[in-house]
Amino acid sequence: MSYMLGQRTPSADTRVIEAGGEVDMGAAPELRDAVGRAIEEGVSLLVIDLSDARFIDSTAIGILVSARARLMEQGGRLELVCTEPNLMRIFQVVGIDRNLSIHPSCDAALQAFAGAR
Amino acid sequence: MRREPGAVRDQVGELVGLIGAHDGYTVGHSEAVVAWSYAVGERVGLSRPELLELELGALLHDLGKVRVPGAILRKPAPLDPGELRLVRMHPVWGAEILEDIPGLEGVAKIVRCHHERWDGSGYPDGLERGEIPVASRIVAVCDAYEAMTSDRPYRAALPPAAAASELCLAAGTQFDPAVVQYFIEVLKEWGWPGGARVVPAAVAIGGRI
């Protein structure tokens, strides 16, 4: 397995999903489940932490695009953590960098959300 | 059996002229689809002969629309079920025309399969995954992107990034996810808008057959 997935719940309405390695078709079913559960549980903030991701493929991007739309519909937010330039460029290409912020660290994402409340 | 290269080139030129006379939008659209398809095909690792076949398949993918009344192609509203049934015949009709031209049997197959879907819910044959020729899978993605980013009688064009994100949403259901990935790589490299359009129009392809 070339990907790693983990998740934690820093506060009742916040979920952090950490996706590392090669976030591709192999990771997609597990990532889709984790994201879907968080949205169904009504989180206000979902952070996808891609700090340790080396690659992201079209299926995983599709999951992020869909998650962003579903969260916006229910008044929540999706935020990304990423510093890898190649991934950042892909996010620009598919426009996922609009309507959400991309942060350099998970702490920065959580603080920005807390500050915006 | 293969014809003389010049004969095939002439035939392809005639077919492109036929498409243009019937529906001007389709020719410009097809040329853009050729440019995208070739770039994706190179990244997929297709051989030179496969790339040439891909180019022709991309150029002629909508050939069968010459049998669809122009009023339906230009209708500024959603199609009714009968009209939709006619439009959905175009891959079969295009392939039928090309199958009669010796040397273009492979191109006919690409054209027939360009509306098949990765999950098997496409048409005309309901093929899925590897059953669909890779060239058809490439044309499907490039065709969809080009259609989404063009103004049509019934809707405005989507911005490139929004169209790219739509492709990602359909990766693994409508589209081969690996092909979408390669397409995104091309977008990343070329930038936009209109990166594809600086590539010479595919009418020049005939000279390389």
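Throughout, a residue's number is its position along its own chain's written sequence, starting from 1. All chains are assigned letters beginning with A, and all ligands numbers beginning with 1, in the order in which they are written. Residues qualify for local features only when their pLDDT is at least 70, as the model is predicted, and side-chain atom pairs are given and counted only at 80 or more; totals for whole chains, interfaces and linings, by contrast, use all residues. Values reported for side chains reflect all heavy atoms of the structure, with hydrogen atoms and water molecules removed beforehand.

(A) Geometry of the overall build of chain A. A run of DSSP states H or I qualifies as a helix once it reaches four residues; a run of E qualifies as a strand once it reaches two. Both are numbered from the N-terminal end. For chain A, the count of helices and strands is four helices and six strands. The linear arrangement of helices and strands in chain A, starting from the amino end, is β-β-α-β-β-α-β-α-β-α. In this treatment the radius of gyration is a C-alpha quantity, and the globule benchmark scales as 2.2 Å times the residue count to the 0.38 power. Against the 2.2 N^0.38 benchmark of 13 Å for 117 residues, chain A shows a C-alpha radius of gyration of 13 Å, consistent with a compact globule. Along the first, second and third principal axes, the C-alpha set of chain A runs to 35 × 25 × 25 Å. Scored against the burial criterion, the 117 residues of chain A give a buried share of 49%. Here the term buried applies to any residue with accessible area under 20% of the maximum for its type, exposed to any over 50%, and partly exposed to those in between, with areas from a 1.4 Å probe on protein chains only.

(B) Local environment of the confidence of the model for chain A. The quantity called pLDDT is the predictor's confidence in a given residue, expressed from 0 to 100. Summary statistics for chain A give a mean pLDDT of 92 and a share of 98% for residues scoring 70 or more. When pLDDT is averaged over each element of chain A, strand 2 (residues 14–23) of chain A comes out on top at 97 and helix 4 (residues 106–116) of chain A at the bottom at 86.

(C) Spotlight on the interface of chain A and chain B. By definition, residues are in contact when any of their heavy atoms lie within 4.5 Å. Counting from both sides, the interface comprises 18 residues of chain A and, opposite them, 16 residues of chain B. Once two parts are put together, the accessible area they lose, assessed with a 1.4 Å probe and summed over both, is termed the buried area. When the two sides are added together, the surface that chain A and chain B hide from each other amounts to roughly 1,300 Å², 67% of it contributed by carbon and sulfur. On the chain A side of the interface with chain B, the three residues burying the most area are Ser58, Val93 and Val94 of chain A, jointly 38% of the side's total. The term salt bridge refers to a side-chain nitrogen of Lys or Arg lying within 4 Å of a carboxyl oxygen of Asp or Glu. For the pair chain A and chain B, the number of links is zero salt bridges. A 3.5 Å cut-off defines polar contacts: any pair of N or O atoms within that distance qualifies, except that in protein one atom must be a possible hydrogen donor and the other a possible acceptor, and neighbouring residues in sequence count only when both atoms are side-chain atoms. One can count five residue pairs in polar contact (both at pLDDT 80 or more) joining chain A with chain B. Sorting the residues of the side of chain A that touches chain B by element identifies strand 4 (53–56), helix 2 (58–73) and helix 3 (85–93) of chain A as the ones contributing at least two each. Taken together, the residues that form the side of chain A that touches chain B break down as eight nonpolar, seven polar and three charged. Here the term charged refers only to Asp, Glu, Lys and Arg, the term nonpolar to Ala, Val, Leu, Ile, Met, Phe, Trp, Tyr, Cys and Pro, and the term polar to all other amino acids, Gly among them.

(D) View of a negative patch on the surface. Residues and elements named next belong to chain B. Excluding any residue in a salt bridge, patches collect residues exceeding 30% relative accessible area, merging like charges within 9 Å and nonpolar Val, Leu, Ile, Met, Phe, Trp and Tyr side chains within 5 Å. All accessible areas in this document rest on Shrake-Rupley with a 1.4 Å probe, and a residue is counted as covered only by the protein chains that are shown. Lys and Arg are tallied as positive, Asp and Glu as negative. Neither His nor the chain termini are counted. By convention, charge coordinates are those of NZ in Lys, CZ in Arg, CG in Asp, or CD in Glu. A surface patch of like charges, here negative, comprises Glu50, Glu53, Glu99, Asp100 and Glu105. For Glu99, the position within the fold is in helix 6 (residues 90–99). Assessed through its relative accessible area of 44%, Glu99 is described here as partly exposed.

(E) A look at the packing of aromatic side chains. Residues and elements named next belong to chain B. Here is the rule: rings of Phe, Tyr and Trp (six-membered ring for Trp) pair when centre to centre is within 6.5 Å. Planes less than 30 degrees apart are stacked, more than 60 are edge-to-face, and the remainder are tilted. A full pass over the atoms with the stated rule returns four aromatic pairs over all chains. Ring plane angle 55° and centroid distance 4.8 Å describe the contact between Tyr145 and Phe183, whose orientation is recorded as tilted. With Tyr145 in helix 8 (residues 134–148) and Phe183 in helix 10 (residues 177–190), this residue pair connects regions lying 38 residues apart in the sequence. On the basis of relative accessible area, Tyr145 is assigned to the buried category, the value being 3%. Members of the aromatic cluster, connected to one another through ring pairs, are Trp36, Tyr145, Phe183 and Trp190.

(F) Focus on the environment of Asp151 of chain B. Along the chain, the position of Asp151 of chain B falls in the loop between helix 8 and helix 9 (160–169). Ignoring any residue separated from it by four or fewer positions in sequence, one finds Asp151 of chain B in contact with Ala156 and Ala157 of chain B.

(G) Representation of the layout of surface pockets within the structure. Space inside and on the surface of the protein is sampled on a 1 Å grid over the protein atoms alone, with a cavity defined as a set of points where a 1.4 Å probe fits but cannot get out and a pocket as an open set with protein on both sides within 12 Å along at least 5 of 7 lines; lining residues have an atom within 4 Å of a point. Grid points are joined across faces, edges and corners, and a volume is the space filled by probe spheres set on the points. The computed volume of the largest pocket comes to approximately 1,000 Å³. If you trace the largest pocket, you find 36 residues lining it, with Val87, His115, Tyr123, Ala147 and Tyr154 of chain B closest to the centre. Contributions of two or more residues to the lining of the largest pocket are made by helix 2 (24–44), helix 4 (70–73), helix 5 (81–87), helix 8 and helix 9 of chain B. With five residues, the single largest contributor to the lining of the largest pocket is helix 8 of chain B. Broken down by class, the residue content of the lining of the largest pocket amounts to 17 nonpolar, eight polar and 11 charged. Roughly 220 Å³ of internal volume is contained in the second largest pocket. Lining the second largest pocket are 16 residues, and of these Arg32 and Thr59 of chain A together with Ala171, Gly172 and Thr173 of chain B lie nearest its centre. Elements with a contribution of two residues or more to the lining of the second largest pocket: helix 1 (28–40) and helix 2 of chain A together with helix 9 of chain B. The element contributing the most residues to the lining of the second largest pocket is helix 2 of chain A, with four residues.

(H) Quick look at the pattern of salt bridges. Residue and element names in this part refer to chain B. Per the counting criterion, the structure on display carries 12 salt bridges over all chains. Taking the shortest distance from any N to any O, the salt bridge between Glu189 and Arg43 comes out at 2.5 Å. You can see Glu189 sitting in helix 10 and its partner Arg43 sitting in helix 2, a full 146 residues away along the chain. Classification of Arg43 by relative accessible area gives partly exposed; the value is 25%. Of the charged contacts, one joins Arg112 and Asp125 as a salt bridge, the two residues approaching to 2.8 Å between their closest N and O atoms. With Arg112 in helix 7 (residues 105–112) and Asp125 in the loop between helix 7 and helix 8, this pair connects stretches of sequence that are 13 residues apart. Judged by relative accessible area, which is 37%, Asp125 ranks as partly exposed.

(I) A look at the environment of Tyr3 of chain A. All names here are of chain A. Relative to the elements of secondary structure, Tyr3 occurs in strand 1 (residues 3–11). Put simply, Tyr3 and Gly21 are 18 residues apart on the chain and 4.4 Å apart in space, counted from C-alpha to C-alpha. Discounting residues that sit within four places of it in the chain, Tyr3 has contacts with Gly20, Gly21, Glu22, Gly26, Ala27 and Glu30. Within polar-contact distance, the side chain of Tyr3 engages the side chain of Glu30 at 2.8 Å.

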